[in-house]
Each structure stands twice: as structure tokens, then as C-alpha cells.
Amino acid sequence: MAAVERITDVHEISFPELGWTFHIDPTAFKVFGLEIQWYGLLITVGLALALIYCFSKMKRFGIDPDRAIDAVIGGVLGGLIGARLYYVAFQWDQYKKSSFSETFKAVVNTREGGLAIYGGIIGALTIGLIVSHFRKVKKLPLLDLTVLGLLIGQGVGRWGNFVNQEAFGTNTNSFLGMTGGRIQNTIIRETQIGGDMYIHDQATVVWDKAVHPCFLYESLWCLLGFFLLAWFSKRRKYDGQLFLMYLTWYGAERFVVESLRTDSLYIGSSNLRVSQLLSAVVCIASIILQIVLFSKRRRDPESFVLYANTEESIKLIEESRRKRMGMPPEDEFDSDDDDDIDYNDILDDDDDDDDFNDDEDDDINSDDEDIENEDETSDDVSDENNKEDE
């Protein structure tokens, strides 16, 4: 491994093999004296993009946006709280102060990081599913859509780790290897006796060599996963399939990348990494469930009907649409109005163009058949008249 120079500027980040150098202050800007950090800003951007995408695709999953919005808000709040509590729980010694007020301030101060993605996922799903139960939103379709938003948020939010120079790995000679002023200071401090890296057998990591950009690995993996699952979402066979695929996809990546990281959360004083152990369990369990469900679907495909294709989903979405249009109660959706409703319009999406063309062709063929039948009838009548004249 080629040696790197000592960086004294804590805001400097370098990719030596690529020849890239950045000077990024973790503080993006100030508002009335309050410092706005890039870390929080990037998480907010990722969250906003995830919400925009998910709300635009709710009808594809048979979800009524008016009902789901409460579950989304609950999920966002639960995700933020869960991510922080999960991290603090495994780093309690770092946040425990001499008084309750000081401890509380340390716990709620997330301006310099300290959020754990698995805690965020657990918190978001727990609160979001509880709210969805009371709002009568189907859970499995909601989970399928949620994981697409998670992949967007994770892919964008990980760049907050880049700005803070955290979530880096062990030394590497890869062309993607990075270093920085804060990274080098962290390695020097934590490899000393008593430091976290020293305690967990990572004292061999040195500051004068490049390290793995673990944030980049995860960001690219999540964004790739989003595009793949978004493409597959039009071809899913049952509700909950995307959720299981996400657990497999993310669990496999996190298991590998976590083994490279130098700032993992550990179980007590052991060298067992919490996220790596959890990733292994999640990945294996999701694979087993997919195999079981695949086998069941082959035996009984009719029992696996997407909620978006059910009458209940179509009715709820149509009722919501009419309410937004301000229709009077007596004109709201009624079960007797089934024949007057074009379900394709209700569940319309970008991928419905082919279906529309097929329907149009069927109509043309049907018209042609009608014309042929009319001609045949006309000929028959003419023949009968000729016979009578004879």
C-alpha cells in the first residue's frame, strides 16, 4: 500500500489514487446563528426524494394516499427516533453524563452523526405499521413500497458520512481508497490503548494508508437496489415480495461491508458486530421465506392475488378520488356502480400504455366482426326476398 501524507486540515478529504481532493466544512450554512449540518441536510434530501417517489407510486400498489399519509408520518418519526435510540443504546458510555439534563442533551444532539440505519428501519416499520393498522392500510403492499423509499434515503443519506469522514473501513490499496484530516485523527486516537479500535483488535489500522470508503459502497449498492426493485415492482407476484427481496439485498451487502468498518457497534465487550449479526439473520430468513412462498405459489397461484388488483383496493382509491373532487355524498362510489367505472383509469400508471393499445386493438377487431355479421345478415335477407319473388 502506498503511503499518504499527513493531512492537518480536518475538512480535507482525499482519494489519492484518483487524484481527487475536497475541502468540505460539515456546516453547510447558518440560519439566525443556527448551524445547519450537511449530515442532516443530506438525510432530509434523501427523505424528501423517497416521499416524492413513494406517493407518486401508491396507486400502483393499491394504496390510498389519503389513508397512508398518517402511516408515512408515523414511520418517518419512528425511523428518526429508532435510529438514534439504537445507536445510543450500544454507545451508552459515550452519552451517559453526570446529570439527567446533560445526558438528555447529549442523546438528542444528532448534529454530528450518531444514527444507526437498522434502528431507523426497525423504528419506521414498527410505528408505521401500528398507524397503518388503525388507518386500515394494507401492510404488505405498504412494506413493498416503503423499501423502495428506504433504498433512496439510504443511497443519498450515506453521503452525510462522507462529509463527516465517518463510516470508513480498514486500510486498502484499492483505487477507491480515501483519507482525510478527520479520518487520520480518528485512527490515531482510537488505535491508542483504550480506544475503540484498540479494544476490538483493529490496532493494526494505520493513518498513513488509505481506507475503504464504506459509505460509498453502501450508497452505490442501495441506489442499484432501488433501480432493480423499482423495475421488478411491475412484475412482482405477491404482496410482500419486494420487502423480502430488500432484506436479502441489503442484508447481504451490510454483512460484507460491516466486516470492513472500524466504527461498528458491538455486543458488550465482545467482538461480535451487532449489524453484521443482524444482517446475517435477516438475509438468511428472507431467503428461506422467499423459497417457501415461491413453492406455495407454484402449487396454488390463485391464492396469491396482488391487493392492487382487488375490488376493495379499487373502491377505496375511487372513493378517495371522488372526495378530493368535492363530490356530494350521494354521488360517492357505490357497489352498484361497478359497470360505470373504468378500473384502468383508477389504477392508471406509466406502464399501462401497452394494455391500452391491446384493448384498442380488441375493440377494432370486435367492430370488424360486427360489420361482417351485419353483411352476412343483409345477404341472408336479400336471398330470402329473391326466393319470395320467384
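In this report, the structure presented in the accompanying data block is examined. All values derive from a computational prediction rather than experimental measurement.

### Re empty space enclosed by the protein
Tallied over the full model, the rule gives one cavity of 30 Å³ or more. Together, Gly62, Ile63, Asp64, Arg67, Lys136, Val137, Lys138, Tyr307, Ser313 and Leu316 line the largest cavity. Tallied by class, the residues present in the lining of the largest cavity amount to four nonpolar, two polar and four charged.

### Observations concerning the side chain of His200
Inspection of the secondary structure puts His200 in the loop between helix H9 (196-199) and helix H10 (214-232). Residue His200 is classed as buried on the basis of its relative accessible area, which comes to 11%. Side-chain polar atoms of His200 contact the backbone oxygen of Ser270, separated by 3.4 Å. Setting aside residues no more than four positions away along its own chain, His200 makes contact with Tyr266, Ser269, Ser270 and Asn271.

### Describing helix H13 (residues 311-324)
Over its 14 residues, H13 runs 20 Å from end to end, which matches the ideal 20 Å to within 8%, given 1.5 Å per residue. Considered for burial, the residues of H13 that qualify are Ser313, Ile314, Leu316, Ile317, Glu318, Ser320 and Arg322. Trailing H13 by a residue or two, Gly326 shows a phi angle of about 75°, which is positive.

### Structural notes on a nonpolar patch on the surface
Taken together, Phe55, Ile69, Ile73, Leu77, Ile81 and Leu85 make up a surface patch of nonpolar side chains, about 540 Å² in accessible area. Among the elements that line the nonpolar patch, the one with the most residues is helix H2 (residues 65-89), at five residues. Here Ile81 shows up in helix H2. Accessibility expressed as a relative area gives 52% for Ile81, which makes it exposed.

### Some remarks on unusual backbone geometry
Within the chain, Phe32 stands out as a residue other than glycine whose phi angle is a positive 55°. Topologically, Phe32 is positioned in the loop between strand E3 (27-31) and strand E4 (34-37). The backbone phi angle of Ala167 is positive, close to 55°, even though this residue is not glycine. In this structure, Ala167 sits in the loop between helix H7 (159-164) and strand E5 (179-180). By relative accessible area, which is 3% here, Ala167 ends up buried.

### Concerning the nonpolar core
In this structure, Ile63, Leu148 and Tyr246 are the most contacted members of the largest nonpolar core, which totals 44 residues. Among the elements of the structure, helix H1 (38-56), H2, helix H4 (100-108), helix H5 (117-134), helix H6 (139-157), H10, helix H11 (241-258) and helix H12 (274-299) are those that each provide at least two residues to this core. Here the element with the most residues in this core is H6; it accounts for eight residues. Listed in part, the 15 residues of the second largest apolar core include Ile13, Leu42, Ile183 and Ile187.

### Notes on the sheet that holds strand E2 (residues 20-23)
Pairing is antiparallel in the open sheet, where three strands are placed in the order E2-E1-E5. With partners counted over all chains shown, the strands left at the sheet margins are E2 and E5, one partner each.

What counts, and at which threshold
Residues numbered from 1 in each chain as written. Predicted model: local features only at pLDDT ≥ 70, side-chain atom pairs only at ≥ 80, totals over all residues. Heavy atoms only, no water. 1 Å grid on protein atoms, 1.4 Å probe; cavity = no way out; pocket = protein on both sides within 12 Å on 5 of 7 lines; lining within 4 Å. Points joined across faces, edges and corners; volume = space filled by probe spheres on them. Nonpolar A, V, L, I, M, F, W, Y, C, P; charged D, E, K, R; others polar. Helix = DSSP H or I, 4+ residues; strand = E, 2+ residues; numbered from the N terminus. Buried < 20%, exposed > 50% of the residue type's maximum accessible area, 1.4 Å probe, protein only. Polar contact = N/O pair within 3.5 Å; in protein donor to acceptor, adjacent residues only side chain to side chain. Contact = heavy atoms within 4.5 Å. Expected span 1.5 Å × (residues − 1). Patch = residues over 30% accessible without salt bridge, like charges linked within 9 Å, V, L, I, M, F, W, Y side chains within 5 Å. Areas by Shrake-Rupley, 256 points an atom, 1.4 Å probe, with all protein chains shown as cover. Salt bridge = Lys/Arg side-chain N within 4 Å of Asp/Glu carboxyl O. Core = buried A, V, L, I, M, F, W, Y, C linked by side-chain atoms within 4.5 Å. Pairing = 2+ DSSP bridges.

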